Amino acid sequence: HTRVRSSPLLPANDPTLLFTNAGMNQFKDVFLGVEKRDYVRACSSQKCLRAGGKHNDLDEVGKTARHQTFFEMLGNFSFGDYFKEDAIKLAWDFLVNELKMDPRRLWFTVFGGDDEVGPDEDAEKFWEKVGASRERILRFGRKDNFWQMADTGPCGPCSEIHYYLGDDPDDPTKNRVDLVNGPGDTTMEIWNLVFMQYEQLADGTRHDLPKPSIDTGMGLERMAAVLQGTHDNYATDLFRSLIKAVADATGVDPDGPKKVSHRVIADHLRATSFLIAEGVLPSNEGRGYVLRRIMRRAMRHAELLGAHDPLMWKLVPALVREMGAAYPELHHAETLITETLKLEETRFRRTLERGLGILDAETKKLKSGDKLKGETAFTLYDTYGFPLDLTQDALRPRGIGVDLDGFNAAMDRQREKARASWSGSGDAATESVWFALREKAGASEFLGYETERAEGVVQALVRDGNEIETLKAGESGAVVLNQTPFYAESGGQIGDTGMISGDGVRFRVTDTQKKAGDVFVHIGTVEQGTLKTGAAVALEVDHARRGAIRANHSATHLLHEALRQVLGDHVAQKGSLVAPDRLRFDFSHPKPMTADELARVEDIANDIVLQNSPVTTRLMGLDEARASGARALFGEKYGDEVRVVAMGESGNALGWSVELCGGTHVARTGDIGLIAGLSDSGVASGVRRLEALTGKAARKNANNIIQLAKSAAAELRAPLEEMPGRLAGLLEERKRLERELSDTRKKLAMGGGKASGADGARMVGDIKLLARAVSGIEIKDLKGLADEGKKQVGSGVVAIVGVTGDGKAGIVVGVTDDLTKRFSAVDLVRKAAEALGGKGGGGRPDMAQAGGPDGGKADAALAAIEQALGG
Ligand code: SER
C-alpha cells in the first residue's frame, strides 16, 4: 500500500461534506472512477471531524468512553484491486498476527440483507475461512452494516470488527452477543471494512461502481484503548496529558464526579485547534458556527469545573506538545489558536453569566420531565449567543428538556419580521428574489480566505429577477451556491471572476455580488452545456486576477498608515477601490500633497513590503479591536465581531498597520512586490485621492516611463542624466528667439506702408497723425505697435488697423498725453469702427481699441479718423 498523507479537515473535493469524516473522503473520486492515481492500494491516517452532517457525534462526547468529535482514522484502501476476500484476510492477519489480539475477544458483523440485497454470505464465508468461529459472525441491518459517506457518493455493505474488553472472554454471561452494537463500552467496534460497490445519487437511485473497491476505517484512539487494556479512549496516552493539563489548571480531580467535563474539554480542544489551524474562525454561519458550538460547549464545561478565567487557551501548549510533531500545522497556528480561544472565551463568559442567570430564573419552578419554553431558549440563542445544544446540555442534568416546536416557531417569527423589514426597504421588488433565496437556502459560506478553488452545489439559478431551473449555453444569469471561494464585492474590493464547471458545463463568472446580506451571487454566462440546480460543480477563481487584487488591497492598508505618518492623524479613509489593475484611496486632507510627501509615503510603504513579514488575520470583538488601535471606518456599521488584518512589524502590538477588514490579502507583505506610481488629486473639498500601482503593474508602469525618457533623450542626442538641463536650455533659447522674431515683425510693420514724414507721420492741421494698415500680425500685438508709434511721434495721434487672415479687422488708436484734453482715443476709435462695419469700442482717452467685420475698409477707417481730427 502507498502511504498517503492526511487531507485537510475542510474537504477540498466535496461540496456535500461539512468536514472530512472518514479516511475515504480524499479518495472519493478514485472510487467513482473519475480520478486516476498512480497506485491502486493506499493507506492513511486521516484527521476526521464528526460534528454536524451525516456523521455527528458532538452530543455523545463526554457521555461515552469512545465518542469524539475529532479523531484520527487509520485505513487501507483498494481501488479496483483486491476485494472482499483479501480485505478480510488482511484484517484478520493484522489484528491477530501483528497486534496479537485474542480471537476469543473478536466479533464480526456483516450486512444481513434487506428488500433489495440479500445477506452478505460471502463475507460470512471469508471470515470463517480465515479462522473466525461461526457463532461470532453476526448479521445486522442497514443502520449498522451499510456505509455511506453522505447522502450521495460511494457506498456499500460493510463488515465491522468489535472487541470485548471485559475480564473473561470465555464466560458467555460476560462476553455476550447482545453487547455487540449494544449498550455500554465493554464491547466496542474497532474497525469497519466497507465493500464499496455502489454510487448513491441525489435522486435516490444507485449505480454500480466501475470496479468493486475497499475502504476500511479504524479509529486510532479506540485501537489505542484496546491495546492499552482500557475501555476508555480518554484513559489512553493520547488524552492523558491533555486531561492532566485541564486538571492542573483547574485543580479538579480528572477521575472524580466532574470527569465528563475534563473529557469534553480535551476532545473539543483538539477539534477546535485543528479547525482554527485550517483557517476556520468562529462565526454565526456554516462551519464557523459548528466551530463556535464546539468551543462554547467546552467553555461551558470549563465554567462547570470552576475556572474563573478563560481556560482553553492555556491548554494549547499541551496539545502542541502532544500532536505538533505529527501535525506541524498546530505549530504554525499556535498563536492564532491561542488568541482565538482566549477571545471567544472572554466574550462567551460575559454572555454565559447573563444567560445562565436567565436560565436559572426561568427554570426555577420546573422539575424533572418538564420542558423549558421554546421562546426562552430562542431568546437565549438569539440575544445571548447560547446555542440550543448548550441550553439542552445545561438542563439535562436536571432532567429538563426544551420545547423544540416552540423554539422553531420563535425562529420562524423572527424570520418573518426580518422579511417584513426587508420588503419595506428601497429596491424591494427586484431584490425580493434574493431574500426569498436567503430564507430557502441560507447564507452562502465563503471559503475564499483560505482557498480559490473548491466545489459547491448549485442552490438556485436566477434570470431577470426570477428563479429558474436551468441555464442553457449562451444564456446569462446568476448562480447561487451553498459555498464559494468567490469574493463578492464589498469594502471597496471588487468581485471575483472565474469559472464554474461540471459535467460538460462551463459557466464564466464575470462578477460576484452580495445580495440580501450574505447570499453570494455569481453573475455570468453559460459557455457550454446546461447548468442545473442541484448540480455539484467545481469552482475556480481567476487566480492571477485575485492575486493582483490581494496585492492592491494590502497595499491600500500600507498606504493608509503611511499617509497618517506623513500627513498626520487627521487622515481618515473616505472610500477606496481595490481592483486587479489599480487601487485608489480617498482620504481627508485639506490640500494637495507635495512631491516630497508623496515620495515619503511611497518609501515608508515599500519599507514594509521589503520586510516581507506575514499578514495576519484575527477575529475580535468590536470593542477589543477598537481598543487594540485597529483602524475602522468612521460611521461604518460593523457587527460585534470583526476581522482584524495586521501587517508589518513594529508599531502597534498587533502589527504596523492594523485595520478592520473583510477583504482578501497577501500572505506576506513581500507578495505585494512593489508600490509605485503614486499620484494625488482632489475629489471634493477636503478630500484627496491617492492612486497607486503594485506588483507587475507598478513595474510595467515604471518601465514605460524609463522607455519614454530614453527615447526623449535619444531625440535630444543627450545622455539621460543631461536631459533636464538640455531641455531647460532649449526652452530658454526658444523664448529668446520668439522675442526677437516679434520685434523684427513690429519693426517691419511700422517701417512699411505709405509713410510721408521721417517717422512716417503726417500733419492734419496741427496734429501729427501716424496711420497704418498692417497685416500678418496678431490683433493682440496692435497695442504694442500703437505704444511704439506714440513714442515715435512724441506728440500726436496713432491709428493702426490690423487685418487678420480671415478678413476681419481690429483697430487701435493712441493719443499722446498732451492731446487727450482735445481728442479722446475712445471717440476716435468708435468712428473708425463704424467705417469697418462694427460698433462700439472702448478703452481710455490715451488708448482705445475696437474691431469690425470688414477688413477691406481699413483705409476708410483711417480716413474717418483723419476727418475727426479736422482734416
Ligand atoms: N468509511 C468507513 C468509515 O468511516 C470506513 O473507513 O467507517
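Rules used in this analysis
- Residues numbered from 1 in each chain as written.
- Predicted model: local features only at pLDDT ≥ 70, side-chain atom pairs only at ≥ 80, totals over all residues.
- Heavy atoms only, no water.
- Near = heavy atom within 4 Å.
- Polar contact = N/O pair within 3.5 Å; in protein donor to acceptor, adjacent residues only side chain to side chain.
- Areas by Shrake-Rupley, 256 points an atom, 1.4 Å probe, with all protein chains shown as cover.
- Helix = DSSP H or I, 4+ residues; strand = E, 2+ residues; numbered from the N terminus.
- Nonpolar A, V, L, I, M, F, W, Y, C, P; charged D, E, K, R; others polar.
- Salt bridge = Lys/Arg side-chain N within 4 Å of Asp/Glu carboxyl O.
- Buried < 20%, exposed > 50% of the residue type's maximum accessible area, 1.4 Å probe, protein only.
- Pairing = 2+ DSSP bridges.
- Axes fitted to C-alpha atoms, helices over the stretch in contact; angles between N-to-C directions.
- Contact = heavy atoms within 4.5 Å.

**Student:** Could you clarify how one ought to interpret the site of the ligand in this entry?
**Tutor:** Near the ligand, the surroundings consist of Ala 22, Met 24, Arg 50, Met 73, Trp 147, Asn 192, Val 194, Asp 215, Thr 216 and Gly 217. Contact between the ligand and Arg 50: an oxygen atom at 3.0 Å from a side-chain N or O atom of the residue. Between the ligand and the protein, one listed contact pairs an oxygen atom with a side-chain N or O atom of Trp 147 at 3.4 Å. Relative to its unbound accessible surface of 230 Å², the ligand loses 96% to contact with the protein. Counting residues per element, the ones that place at least two in the shell around the ligand are β8 (187-200) and β9 (206-219). Looking at the shell around the ligand, the element that brings in the most residues is β9, giving 3 residues. Residue composition of the shell around the ligand, by class: 5 nonpolar, 3 polar and 2 charged.

**Student:** Would you mind going over the pattern of salt bridges with me for this structure?
**Tutor:** Working definition: two side chains of opposite charge can pair if their charged atoms are close together. Taken as a whole and judged by the stated rule, the model has 58 salt bridges. A salt bridge links Glu 866 to Arg 762, with the shortest nitrogen-to-oxygen separation between them at 3.2 Å. Of this pair, Glu 866 sits in helix α23 (residues 858-868) while Arg 762 sits in strand β30 (residues 762-764), placing them 104 residues apart in sequence. Classification of Arg 762 as partly exposed rests on a relative accessible area of 36%. Asp 806 serves as the salt-bridge partner of Lys 808, at 4.0 Å between the closest nitrogen and oxygen. Here Asp 806 falls in the exposed class, since its relative accessible area comes to 60%.

**Student:** Please explain unusual backbone geometry as it appears in this structure.
**Tutor:** Residues apart from glycine generally show negative phi values, whereas peptide bonds are mostly found in trans. Of note, the phi angle at Asp 464 is positive, near 50°, even though the residue is not glycine. Along the chain, the position of Asp 464 falls in the loop between β13 (453-463) and β14 (466-468). With phi around 50°, Arg 717 is a residue other than glycine that occupies positive phi space.

**Student:** Is there a simple way to explain the sheet that holds strand β24 (residues 583-588) in this structure?
**Tutor:** By way of backbone hydrogen bonds, the strands of a sheet pair with one another, either parallel or antiparallel. Taken in spatial order, the 4 strands make up an open sheet running β23-β24-β29-β28, and their pairing is antiparallel. Strand pairing shows two members of the sheet lacking a second neighbour, β23 (573-578) and β28 (675-684), which therefore form its edges. Averaged over all pairs of adjacent strands, the angle between their axes in this sheet comes to 15°, without regard to strand direction. Strand direction decides the pairing type here: β24 and strand β29 (residues 687-694), joined by 6 bridges, are antiparallel. Residue pairing for β29: Phe 585 is matched across the bridge by Leu 690. Across the sheet, helix α16 (residues 543-567) is in contact with β23, β24, β28 and β29; its angle to β24 comes to roughly 30°. Strands β28 and β29 of the sheet are contacted by helix α19 (residues 695-716), whose axis makes an angle of about 90° with β29.

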